[in-house]
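What follows is each chain in one-letter form.
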Amino acid sequence: MKVVLFCGGYGMRMRSGAADDVPKPMAMVGPRPLIWHVMRYYAHFGHKEFILCLGYGAHHIKDFFLNYEETTSNDFVLRGGQTELLSTDISDWTITFAQTGVESPIGERLRRVRHHLDGDEMFLANYADVLTDAPLPEMIDKFSRRDAGASMMVVPPQSSFHCVDLGEDGLVGGITAVSELPLWENGGYFVLRQEVFDHIPENGDLVADGCAQLAKRARLVAHQHRGFWKPTDTVKERAALDAAYARGDRPWAVWERDAAEVGA
């Protein structure tokens, strides 16, 4: 199944200065950028055809893959000055690099790569900056058996703030952590059918337009995930993931977990 990745936004909260034009999916977590971790997740489950919706800082993403260094994350033998890889990451990946505009909203980026989907009834989509250990095969299977136009993975609110219940007299009736409220937020992992294009206008948004219209028509389903899910909207969040990677705490790396179980 093809995977559409939106990786052309400015990512202002991740920027370190005016001269920093690196798009958010290229922020590093361990020896590889975020986008690699997301793609490796999909590839682990057999989805290795990627369509990258490029925009701001596109040359950084192109350069990374055009000059990809397999030895960074794979074992190899150096013999006679030549490297012999013992495994590879992307040798069987197909990556389409599509310039979708610097200012384009997500929905418009998706519209502009529709022809690359070859009319496939179902496809996957992702913001390319969120990591998870969600069971992708289960997510796809459940959606494939539903009469719906889109599936959105949803997660509990991640905020550490508290909501305060106030009475008319100003007295506090209760305090509840946001994460404990009966709410769900968009987790950024989508399974879509071609139907979604019927509801995204020119320069429209995937969620605010496409998913919202499908929801009004009872054509949107949610996959609830309470496992690992971490966004990287800020430098602090990216640094936390990088630190977790360094200490070997990387539940999103399902390919490592499954390899360890096979070798056990």
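Here's what I pulled together on the structure shown here. Remember, predicted model here, so these are calculated numbers, not experimental data.

1. Observations concerning the packing of aromatic side chains
Between two aromatic rings, the relevant description is the distance of the centres plus the angle of the planes.
Here is step 1 of the chain: For the structure on display, the rule yields 15 aromatic pairs.
Here is step 2 of the chain: Where Tyr42 meets Tyr189, the ring centres are 6.1 Å apart and the plane angle is 25°; that geometry is what we call stacked. Of this pair, Tyr42 sits in helix H1 (residues 34-44) while Tyr189 sits in strand S13 (residues 185-193), and the two are 147 residues apart along the sequence.
Here is step 3 of the chain: Of the residues examined, Tyr189 reaches a relative accessible area of 2% and is grouped as buried.
Here is step 4 of the chain: Of the aromatic side chains, those joined through ring pairs into one cluster are Tyr41, Tyr42, Phe45 and Tyr189.

2. Comments concerning the pairing of strand S8 (residues 122-126)
Here is step 1 of the chain: A large share of S8 lies buried, amounting to 5 of its 5 residues.
Here is step 2 of the chain: Relative to S8, strand S1 (residues 2-7) is paired through 3 bridges, and the arrangement is parallel. Residue Leu5 lies in a different strand from S8, and its bridge partner there is Asn126.
Here is step 3 of the chain: For S8 and S13, the ladder comprises 5 bridges, and the chain directions are antiparallel.

3. A closer look at helix H4 (residues 136-144)
Here is step 1 of the chain: For H4, every residue scored as buried is listed here: Leu136, Met139, Ile140 and Phe143. Seen along its axis, H4 keeps its buried residues to an arc of 95°; they face one direction.
Here is step 2 of the chain: Contacts from the buried residues of H4 go to H1, S8, strand S10 (150-155), S13 and strand S14 (220-224).

4. Considerations on the pattern of salt bridges
Here is step 1 of the chain: Counted according to the given criterion, the structure contains 18 salt bridges.
Here is step 2 of the chain: Between Asp233 and Lys24 there is a salt bridge whose closest N-O contact spans 3.0 Å. Remark: Lys24 occurs in the loop between S1 and strand S2 (28-29) and Asp233 occurs in the loop between strand S15 (229-231) and helix H6 (235-246); sequence separation between them is 209 residues.
Here is step 3 of the chain: When its relative accessible area of 13% is taken as the criterion, Lys24 is described as buried.
Here is step 4 of the chain: A salt bridge links Arg193 to Glu121; its shortest N-O distance comes to 3.1 Å. With a gap of 72 residues between them, Arg193 in strand S13 and Glu121 in the loop between helix H3 (106-112) and S8 connect regions that are remote in the sequence.
Here is step 5 of the chain: When its relative accessible area of 11% is taken as the criterion, Arg193 is described as buried.
Here is step 6 of the chain: Take Glu121: its relative accessible area is 52%, and that puts it in the exposed class.
Here is step 7 of the chain: Because the salt bridges share partners, they merge into one network encompassing Lys2, Glu49, Asp118 and Asp120.

5. Digging into the sheet that holds strand S7 (residues 94-99)
Here is step 1 of the chain: The sheet built from 7 strands is open, its strands ordered S7-S4-S1-S8-S13-S10-S14 with mixed pairing. Only two strands of the sheet have a single neighbouring strand rather than two, namely S7 and S14. Averaged over neighbouring strand pairs, the angle between their axes works out to 25° when direction is ignored.
Here is step 2 of the chain: Of the strand pairs in this sheet, S10 and S13 are connected by 5 bridges, and their pairing is antiparallel. If you follow Val155 over to S13, its bridge partner there is Glu185.
Here is step 3 of the chain: Lying over the sheet, helix H5 (residues 206-216) contacts S1, S10, S13 and S14, oriented at roughly 70° with respect to S13.

Conventions and cut-offs
Residues numbered from 1 in each chain as written. Predicted model: local features only at pLDDT ≥ 70, side-chain atom pairs only at ≥ 80, totals over all residues. Heavy atoms only, no water. Phe/Tyr/Trp six-rings, centres within 6.5 Å; stacked < 30°, edge-to-face > 60°. Helix = DSSP H or I, 4+ residues; strand = E, 2+ residues; numbered from the N terminus. Buried < 20%, exposed > 50% of the residue type's maximum accessible area, 1.4 Å probe, protein only. Pairing = 2+ DSSP bridges. Arc of directions from axis to C-beta. Contact = heavy atoms within 4.5 Å. Salt bridge = Lys/Arg side-chain N within 4 Å of Asp/Glu carboxyl O. Axes fitted to C-alpha atoms, helices over the stretch in contact; angles between N-to-C directions.

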